[in-house]
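Residues per chain are reported as follows:
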Amino acid sequence: MIKNFVRALRASFLVASILPFVFGSLILRKHFDFIGFILGLFTVIFTHLSANLINDYADSRSGVDYKDKHFYPFFGGSKLIQENVFSHQFYLNAAISCAIIAFLNAILLAFALKSVLVILAYFLIIFLSWQYSAKPLQFSYRYLGEIFIFLLFGPALVMGGYFIQSGIFPDLKSFILSLPLGFFTVAILFANEIPDFNDDQQANKNNWVKLSGISKAYLIYLGLICFGLFFIILGVWLRYAGVFSLASLLLIIPILKAARILKDNYSDKMKLQGSSGITINMQAALSIILILGLML
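Because the structure is predicted, anything quoted here is derived from the model rather than measured.

The subject of this paragraph is the overall build of the chain. Looking only at helices and strands, the chain has 13 helices and zero strands in total. Referenced to the eigenvectors of the C-alpha coordinate spread, the extents of the chain come out at roughly 50 × 40 × 30 Å. Accessible surface for the chain amounts to roughly 13,200 Å². Of this, 70% is attributable to carbon and sulfur atoms. The chain carries 22 positive and 14 negative side-chain charges, and their two centres are separated by 4 Å.

Here the residue pair Lys135 and Pro136 is connected by a cis peptide bond, since its omega of 10° sits within 30 degrees of zero. Inspection of the secondary structure puts Pro136 in the loop between helix 5 (117-131) and helix 6 (145-153). Residue Pro170 follows Phe169 across a cis peptide bond; omega there is -5°. Within the element layout of this structure, Pro170 appears in the loop between helix 7 (155-166) and helix 8 (172-193).

A few words on a nonpolar patch on the surface. A contiguous nonpolar patch, built from Phe244, Ile288, Leu292, Met295 and Leu296 and spanning about 520 Å² of accessible area, is present on the exposed surface. Note that Ile288 resides in helix 13 (residues 269-295).

Bringing the environment of Val22 into the picture now. By secondary structure assignment, the location of Val22 is in helix 2 (residues 15-26). Here Val22 is in contact with Phe37 and Ile291, once residues within four sequence places are set aside.

Any two side chains of opposite charge can pair, given that their charged atoms come close. Under the defined criterion, the tally for this structure stands at seven salt bridges. The residue Lys205 makes a salt bridge to Asp59 at a minimum N-O spacing of 3.1 Å. Here Lys205, found in the loop between helix 9 (197-202) and helix 10 (209-212), pairs with Asp59, found in helix 3 (residues 34-62); they are 146 residues apart in sequence, far enough to count as distant. Exposure remark for Asp59: the relative accessible area of 5% places this residue in the buried category. Measuring nitrogen to oxygen at the nearest pair gives 2.6 Å for the salt bridge that ties Asp199 to Lys269. Taken as a pair, Asp199 in helix 9 and Lys269 in helix 13 lie far apart in primary sequence, 70 residues in all. Note on Asp199: relative accessible area 11%, which makes it buried. The network of salt bridges with common partners includes Asp68, Asp196, Asp199 and Lys269.

Here we take up helix 12 (residues 252-264). Its 13 residues give helix 12 an end-to-end C-alpha distance of 18 Å, which sits within 8% of 18 Å, the value for a rise of 1.5 Å per residue. Within helix 12 the residues assigned to the buried category are Ile255, Ala258, Ala259, Ile261 and Leu262. Taken around the axis of helix 12, the buried residues stretch over an arc of 155°, which confines them to a single face. Opposite the buried face of helix 12, at more than 90 degrees from it, the exposed residues are Ile253, Lys257 and Arg260. Where helix 12 is buried, its residues touch helix 8, helix 11 (217-237) and helix 13.

Right, let's talk about the packing of aromatic side chains for a bit. A complete count under the given rule lists 16 aromatic pairs for this structure. Each member of the aromatic cluster is reached from another via a ring pair, and the members are Phe150, Phe183, Phe227, Phe230 and Phe231. Over the ring of Phe71 we find Arg7, and its NZ or CZ is 3.9 Å from the ring centre.

Attention now goes to the environment of Phe34. One can find Phe34 in helix 3. Among the residues examined, Phe34 registers a relative accessible area of 52% and is labelled exposed. With 188 residues separating them in the primary sequence, Phe34 and Leu222 have C-alpha atoms 37 Å apart.

At a minimum axis distance of 8 Å, the contact between helix 12 and helix 13 shows a crossing angle of 155°. One finds that helix 12 runs roughly antiparallel with respect to helix 13. The way helix 12 lies across helix 13 gives a crossing that is left-handed. Taking contact as the criterion, the partners of Pro254, Ile255, Lys257, Ala258, Ile261 and Leu262 in helix 12 are, on helix 13, Lys271, Leu272, Gly274, Ser275, Ile278, Thr279 and Met282. Residue composition of the contact of helix 12 with helix 13, grouped by class: eight nonpolar, three polar and two charged.

Looking at the element boundaries, Thr43 is found in helix 3. Assessed through its relative accessible area of 11%, Thr43 is described here as buried. The residues contacting Thr43, other than those within four sequence positions of it, are Ala102, Asn105, Ala106 and Tyr122.

Scoring rules and cut-offs
- Residues numbered from 1 in each chain as written.
- Predicted model: local features only at pLDDT ≥ 70, side-chain atom pairs only at ≥ 80, totals over all residues.
- Heavy atoms only, no water.
- Helix = DSSP H or I, 4+ residues; strand = E, 2+ residues; numbered from the N terminus.
- Areas by Shrake-Rupley, 256 points an atom, 1.4 Å probe, with all protein chains shown as cover.
- Lys, Arg positive; Asp, Glu negative; His and termini not counted.
- Charge placed at Lys NZ, Arg CZ, Asp CG, Glu CD.
- Patch = residues over 30% accessible without salt bridge, like charges linked within 9 Å, V, L, I, M, F, W, Y side chains within 5 Å.
- Salt bridge = Lys/Arg side-chain N within 4 Å of Asp/Glu carboxyl O.
- Contact = heavy atoms within 4.5 Å.
- Buried < 20%, exposed > 50% of the residue type's maximum accessible area, 1.4 Å probe, protein only.
- Expected span 1.5 Å × (residues − 1).
- Arc of directions from axis to C-beta.
- Phe/Tyr/Trp six-rings, centres within 6.5 Å; stacked < 30°, edge-to-face > 60°.
- Lys NZ or Arg CZ within 6 Å of the ring centre and 35° of its normal.
- Axes fitted to C-alpha atoms, helices over the stretch in contact; angles between N-to-C directions.
- Parallel < 35°, antiparallel > 145°, perpendicular 65-115°, else oblique.
- Left-handed = near helix turned anticlockwise from the far one by under 90°.
- Nonpolar A, V, L, I, M, F, W, Y, C, P; charged D, E, K, R; others polar.

Given below as structure tokens:
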């Protein structure tokens, strides 16, 4: 039961939100509000879990997760509804529960920082994260999913962490530094959309893979990575990031391997797990390199 619950939460993807938030929290360096950091971190974690749960709920309701009932670790949802392990109501209740826990942490954080902006930001972020796949907006069905994932996992997390420590929002430095993580996280999403493309089309779920076609989708994937690396170079040039951050350019080596898998095996879901795994690991590696760049 515990294993299935962890699978339902898709907890392994939390690294994609935790590390960018940690990075944003360390940008200031001269000051660190530990209580604010912990409250912000729990808000981030439970908001992300709520989004994961409502995504499974919405994609199951739309029928897209029934197109292929096989479970893949990186894409296609947890499939626990399709396997009759948990019900739609369980996912909805769990998503609401996680959202409430995140909200309670956001309230405590707002009191700690003496800023109502925290509450306003929470409501905006939880709304956008639910509407990524849930009705009525369903961003991921209307070519907008990638844009909102970029905003939520790049600027929102990094600038949010920076705001907790500095009290400053908006801020150009934290915005520029957030962009590489935003692009790399969209690359994760995009790599996961390629194996699901044919199933998504049957359910009228439209994303950027459709813009290029599945056989050329690896080009958009490489473009996302290149944009991310460009903004790392820009951050170093502007002296927003340390020179050590340029070590992230070495990530292009495994990324090219992932792109090759996407190019040669775009119709083979089993082999495409390799490209998804590489991209997830590279986003985590990028986060760690950027964090070390600040510390060094």
